[in-house]
Amino acid sequence: MMASVMGEVTRCRMRQLLKQVFRTEKNTFYSVRIHRCLIHQKYNDLQQSVTPDPQPPPRKDDQQMEKIRNIGIMAHIDAGKTTTTERMLYYSGLTNSVGEVHDGDTVMDYMEQERARGITINSAAITFPWKEHRLNLVDTPGHIDFTMEVERSLSVLDGAVAIFDASAGVEAQSLTVWRQADRYRVPRLCYLNKMDKPAANLSMCLTSIKDKLHTTPLVLQQPVGQGKGFTGVIDLIHMKKMMWKHNRRGDYGRSYQITELSQEDEKDLWEQAFLARCELTDTLADLDNTLAEYVLEKESIENIPPLLLEEAVRRTTISQEAVPLLMGSSYKNTGVQPLIDAVIRYLPSPIECTNDTVSLYAPHLCAMAFKIIHDNQRGGVLTFIRIYSGQLEQGMRLYNINQDQAEKVGRIMIAYADDLKEVSSVQAGNIVVVTGLKLTGTGDTLVGSQSIANTVMKMRKEVGEKQTPILLGAQVPEPVFFCSVEAPSMSQQKALEEALARLQREDPSLRVTVDQDTGQTVLSGMGELHLDIIRDRIWKEYKVEAELGPLQVAYKETSQTACTHTLDINKTIGDRKQQIKITLSMEPKRDEKFKSVNLAISKDTQENLSAIRKYHLTAINQGISAGLRSGPILGFPVVDVKVWLHWLEIGRGTSETMVSAAAAQCLHQLLKKSSSQLLEPFMQMEIITEEEATPAVLADISRRRGNILQVAQRQDMKVIQVECPLAELVGYSTTLRTITSGTGFFSMELADYRPMSPYDQAAAIESVTGFAPS
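From a predicted model like this one, the values you see are computed outputs, not experimental measurements. (Residues numbered from 1 in each chain as written. Predicted model: local features only at pLDDT ≥ 70, side-chain atom pairs only at ≥ 80, totals over all residues. Heavy atoms only, no water.)

Q: Explain the overall build of the protein chain here, please?
A: Helix and strand counts for the protein chain stand at 22 helices and 37 strands. Taken over C-alpha atoms, the radius of gyration comes to 30 Å for the protein chain, in line with the 28 Å a tight globule of 774 residues would show. Buried positions account for 52% of the 774 residues belonging to the protein chain. Pairs at least 24 apart in sequence give 73% of the contacts found in the protein chain among residues at least 6 apart. (Helix = DSSP H or I, 4+ residues; strand = E, 2+ residues; numbered from the N terminus. Rg over C-alpha atoms; globule rule 2.2 N^0.38 Å. Buried < 20%, exposed > 50% of the residue type's maximum accessible area, 1.4 Å probe, protein only. Contact = heavy atoms within 4.5 Å.)

Next comes the structure, spelled out in structure tokens:
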């Protein structure tokens, strides 16, 4: 402990000293000599009394885990995720040919819908070897409608590769997935793909990464050639040139040439690389105290040993103080092998990713289920799980903490996209597929037995914790579109219900509900494409020709005024008297999420409220939650309100169900008394179009109640940043293609929910109900 504290103090102090020693002006690096004795004296003072803790010899399991990398590929749509992954598989020897997205023959995009549309819909896992290491890779979708796939994948990964189009920099969905990775604190590498495009711009990409992602890029490579002349990269750490030959048939970039960069033969190239290496060293020295100590000792940022630089890059990457940046052109088979090397060199192994919850269960089994699919040919339900500690064996009994149920493992398999290889057991640190888990859902924590969970719970109670610790699962986003779904005939109704139950279990962002008033089954999803894919899967996988109704926007409701209501119930149901008096109040509060009712304790109410029994409070919370699910305007969920309990009287023999119903009824009366308002989803859009079509695009956005935030230039294209109500964007892709003659495209993500004006609210009510409000 003492060593770690002193190490942090030393690190902060060394940063301050470094900033005094080194200054950067344009492209010239120089060191200012200072009093070495003073610096070393201060440094030695900090290091005195710091004795390194003795390190035990590594265990065999730890040595195996050091050779594992669990990584994800994430990016904006069409940045080259699947193309890059296909090259990785080919160069590792796992596949004998290179699949192409446009040919529909990739290993990772194996679903019929993916190959037909040329996009990734489901996250696909695959395991492949590379230089005595085992890489478990997950290729994630880039479309905003399938952001749940990215969310649940990142929740179990140790590292990620963020791919950017070198001609576009950070795009809309790039920013979204980056924020998701921030939420789970996943270390990342950056890879600038498509460096062979004429519009590729390294400087623009670096500025984009700094400004939009708020991180420090560590440029580890420099390009050799520009645009179509891009043929290789320079490794700045080792000062070596890597060159690929594009005209070699059948090789697909497997062979490439590595040569030392010569100052004599390639003076200009060497000087540029040397300058970039000094800049990399200077950036690293400001972030890593070990490298800073070495630089101070040598009084120079030149000729730093490559091993020291690699270690510094690894430390800053794992601590997420910076991100290594590499480049290439995956489609032209250039630069992918150094990217895989960087994954092994700089991203952490499972043993380096500490988790407080896992440490409570170790060395026993602790795992998390993060994805579920149905495959009747392979045993029904296939559950993808990440093993954090212990060992998983066939036939093993597990305890699901979230469901409070025991499960039995059937077969254990290693995933190779849609192909699975059976194994008898697997160690911690791996991602595997198992059969036999009938009750487990996405995000559930699995441990070796219930007794282990009880032991951990007993330990936690001793320190004041009340709940059994579980692993943090993925956050499920709120749906923004919904529509009705109907079977073509009563004979297929049961098949439709089974299909929807399976699809909902596979995809937590898909919601299936039944409208209490009409009896219709309602699907809620993340967008038009999402629901269209669901319809297509129902037709082709489950052979049910279901019909979807018109898309509707998922509004929300809120209260604008505070109010109070008292409900007094005194009736006899059957032979039991039900008596309850409850007083609730409600007030608007932005970003408030209801979890439990607040007790309005005062001198007059303290005695009453302090006597409330726990099970009665639970029943009240259930009733309020039910009441908030349906607002008074259109029956949409009520948000951004705070609920207070002022008084509660319950007669003897009154059931908990009646208490819950009374709370719900009282809340409904509150909502009717308050001034309610609709909230509509606003989308943040990025529209890219040719300059000639820009005026027409801007005019169309204005007609859709959109707010134009920025119009920027990206090479010969215009990039328009817009905020627009989702209700105005149904079918917008078709309109944009018409306006721009097929050259424009856009991406969007949910920004927030905003209050509607009285005029727009009246139009929304008429659109949903078919009647104008009175």
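Q: Sorry, what's going on with the environment of Glu310 here?
A: Tracing the backbone shows Glu310 in helix α11 (residues 306-318). The sequence separation of Glu310 and His238 amounts to 72 residues, and the corresponding C-alpha distance is 9.6 Å. The residues touching Glu310, leaving out its near neighbours within four places in the chain, are Ile237, His238, Arg345 and Tyr346.

Q: What is the right way to look at the pairing of strand β35 (residues 707-714) in this model?
A: By the bridge criterion, 7 bridges tie β35 to strand β36 (residues 717-725) in an arrangement that is antiparallel. Paired with Asn707 across the strands is Glu723, a residue of β36. (Pairing = 2+ DSSP bridges.)

Q: What's the story with the state of the cysteines in this structure? I'm lost.
A: Every disulfide links exactly two cysteines, by a covalent bond between their sulfur atoms. A full pass over the atoms with the stated rule returns 0 disulfides. Here Cys666 is not disulfide-linked; the sulfur of Cys563 is the nearest cysteine sulfur, at 9.4 Å. Looking at Cys666, the relative accessible area reads 0%, which means it is buried. (Disulfide = S-S within 2.5 Å.)

Q: How should I be thinking about the side chain of Thr334 in this particular structure?
A: With respect to the helices, strands and loops of the structure, Thr334 is situated in the loop between β13 (323-327) and α12 (336-346). Apart from the residues lying within four places of it in its own chain, the contact partners of Thr334 are Tyr191, Phe230, Thr231, Gly232, Trp244, His246, Gly328 and Ser329.

Q: Looking at this structure, I do not really get helix α22 (residues 758-769). What am I missing?
A: Owing to its 3.6 residues per turn, the α-helix aligns residues three or four sequence positions apart on the same side. Relative to the 16 Å expected for 12 residues at 1.5 Å per residue, α22 spans 16 Å between its end C-alpha atoms, a close match to the ideal helical length. For α22, every residue scored as buried is listed here: Asp760, Gln761, Ala764 and Ile765. In an axial view of α22, the angular spread of the buried residues amounts to 140 degrees, which keeps them on one side of the axis. Among the exposed residues of α22, those oriented more than 90 degrees off its buried face are Pro758, Tyr759 and Ser767. The secondary structure elements touched by the buried residues of α22 are β34 (676-690). (Expected span 1.5 Å × (residues − 1). Arc of directions from axis to C-beta.)

Q: Honestly, the packing of helix α10 (residues 289-298) against α11 in this entry has me stumped. Any pointers?
A: Where α10 contacts α11, the two axes come as close as 9 Å, and the packing angle between them is 150 degrees. Only Leu308, Leu309, Ala312 and Arg315 of α11 make contact with α10, whose side of the interface consists of Thr290, Leu291 and Tyr294. Taken together, the residues that form the contact of α10 with α11 break down as 5 nonpolar, 1 polar and 1 charged. (Axes fitted to C-alpha atoms, helices over the stretch in contact; angles between N-to-C directions. Nonpolar A, V, L, I, M, F, W, Y, C, P; charged D, E, K, R; others polar.)

Q: Any chance you could explain helix α7 (residues 172-183) here in plain terms?
A: Between the first and last C-alpha of α7 there are 17 Å, a value that for 12 residues agrees with the 16 Å anticipated at 1.5 Å per step. Most of α7 is tucked away, with 9 of its 12 residues classed as buried. Taken together, the buried positions of α7 are Ala172, Gln173, Ser174, Leu175, Thr176, Val177, Trp178, Gln180 and Ala181. Positive backbone phi, approximately 50 degrees, marks Arg185, located one or two places after α7.

Q: Sorry, what's going on with the sheet that holds strand β9 (residues 221-224) here?
A: Note on sheets: strands pair through backbone hydrogen bonds, and any given pair is parallel or antiparallel. In spatial order, the strands read β9-β10-β11-β12; together these 4 strands make up an open sheet with antiparallel pairing. The open sheet is flanked by β9 and β12 (256-260), the only strands paired with a single partner. Recorded for the sheet is a direction-independent mean angle of 25 degrees between the axes of neighbouring strands. Pairing analysis gives 5 bridges linking strand β11 (residues 240-244) to β12, with the strands arranged antiparallel. Bridge assignment links Trp244 to a residue of β12, and that residue is Tyr256.

Q: Help me understand the packing of aromatic side chains in this model?
A: Aromatic ring pairs: the centre-centre distance and the angle between the two ring planes describe each pair. All chains considered together, the criterion is met by 8 aromatic pairs. A centroid spacing of 4.7 Å and a plane angle of 15 degrees characterise the contact between Trp244 and Tyr256, whose relative ring orientation is stacked. In this pair, Trp244 sits in strand β11 while Tyr256 sits in strand β12, placing the two residues 12 residues apart along the sequence. On the basis of relative accessible area, Trp244 is assigned to the buried category, the value being 3%. Assessed through its relative accessible area of 27%, Tyr256 is described here as partly exposed. Counting every residue linked through ring pairs, the aromatic cluster contains Tyr90, Tyr91 and Tyr252. A cation over an aromatic ring shows up here: Arg188 above the ring of Trp178, its NZ or CZ 4.5 Å from the ring centre. (Phe/Tyr/Trp six-rings, centres within 6.5 Å; stacked < 30°, edge-to-face > 60°. Lys NZ or Arg CZ within 6 Å of the ring centre and 35° of its normal.)

Q: Is there a simple way to think about a negative patch on the surface in this case?
A: Side chains of Glu690, Glu691, Glu692 and Asp716 sit close together on the surface and give a patch of like negative charge. Within the secondary structure layout, Asp716 lies in the loop between β35 and β36. Given the relative accessible area of 59%, Asp716 is considered exposed. (Patch = residues over 30% accessible without salt bridge, like charges linked within 9 Å, V, L, I, M, F, W, Y side chains within 5 Å. Areas by Shrake-Rupley, 256 points an atom, 1.4 Å probe, with all protein chains shown as cover. Salt bridge = Lys/Arg side-chain N within 4 Å of Asp/Glu carboxyl O. Lys, Arg positive; Asp, Glu negative; His and termini not counted. Charge placed at Lys NZ, Arg CZ, Asp CG, Glu CD.)

Q: I'm lost on unusual backbone geometry in this one. Help?
A: Outside of glycine, negative phi angles account for most residues, and trans bonds account for most peptide bonds. A cis amide bond, omega 5 degrees, links Ala362 with the succeeding residue Pro363. Within the element layout of this structure, Pro363 appears in the loop between α13 (356-361) and β14 (366-375). With a phi angle near 60 degrees, Asn333 is a residue other than glycine that sits in the positive phi range. Of note, Asn333 is situated in the loop between β13 and α12.

Q: Would you mind showing me how to read the pattern of salt bridges here?
A: Applying the stated criterion across every chain, the model contains 30 salt bridges. Lys241 is the partner of Glu266 in a salt bridge, and the nearest nitrogen-oxygen pair spans 2.3 Å. Pair noted here: Glu266 is in the loop between β12 and α9 (267-285) and Lys241 is in strand β11, with a separation of 25 residues, a long-range link. By relative accessible area, which is 21% here, Glu266 ends up partly exposed. Linking Asp752 and Arg754 is a salt bridge whose minimum nitrogen-to-oxygen distance equals 2.8 Å. Three or more residues joined by partner-sharing salt bridges are found here, namely Glu680, Arg705, Glu728 and Asp760.

Q: What should I look at first to understand the pairing of strand β15 (residues 380-389) in this one?
A: For a regular strand, side chains alternate in direction, first toward one face of the sheet and then toward the other. The buried fraction of β15 amounts to 10 of the 10 residues, a majority that puts the element mostly inside the structure. In this sheet, β15 lies alongside β14 in antiparallel orientation, the contact comprising 9 bridges. Each bridged residue has a counterpart across the sheet, and for Ala369 the counterpart in β15 is Ile385. Where β15 meets strand β22 (residues 431-435), 5 bridges bridge the pair, whose relative direction is antiparallel. Paired with Arg386 across the two strands is Ile431, which belongs to β22.

Q: I keep staring at the environment of Glu407 and nothing clicks. Help me out?
A: Within the element layout of this structure, Glu407 appears in strand β18 (residues 405-408). Separated by 32 residues in the primary sequence, Glu407 and Leu439 place their C-alpha atoms 7.6 Å from one another. Ignoring any residue separated from it by four or fewer positions in sequence, one finds Glu407 in contact with Met396, Arg397, Leu398, Gly436, Leu437, Lys438, Leu439 and Thr440. A polar atom in the side chain of Glu407 sits 2.7 Å from the backbone nitrogen of Leu439. There is a polar contact of 2.9 Å between the side chain of Glu407 and the backbone nitrogen of Thr440. (Polar contact = N/O pair within 3.5 Å; in protein donor to acceptor, adjacent residues only side chain to side chain.)

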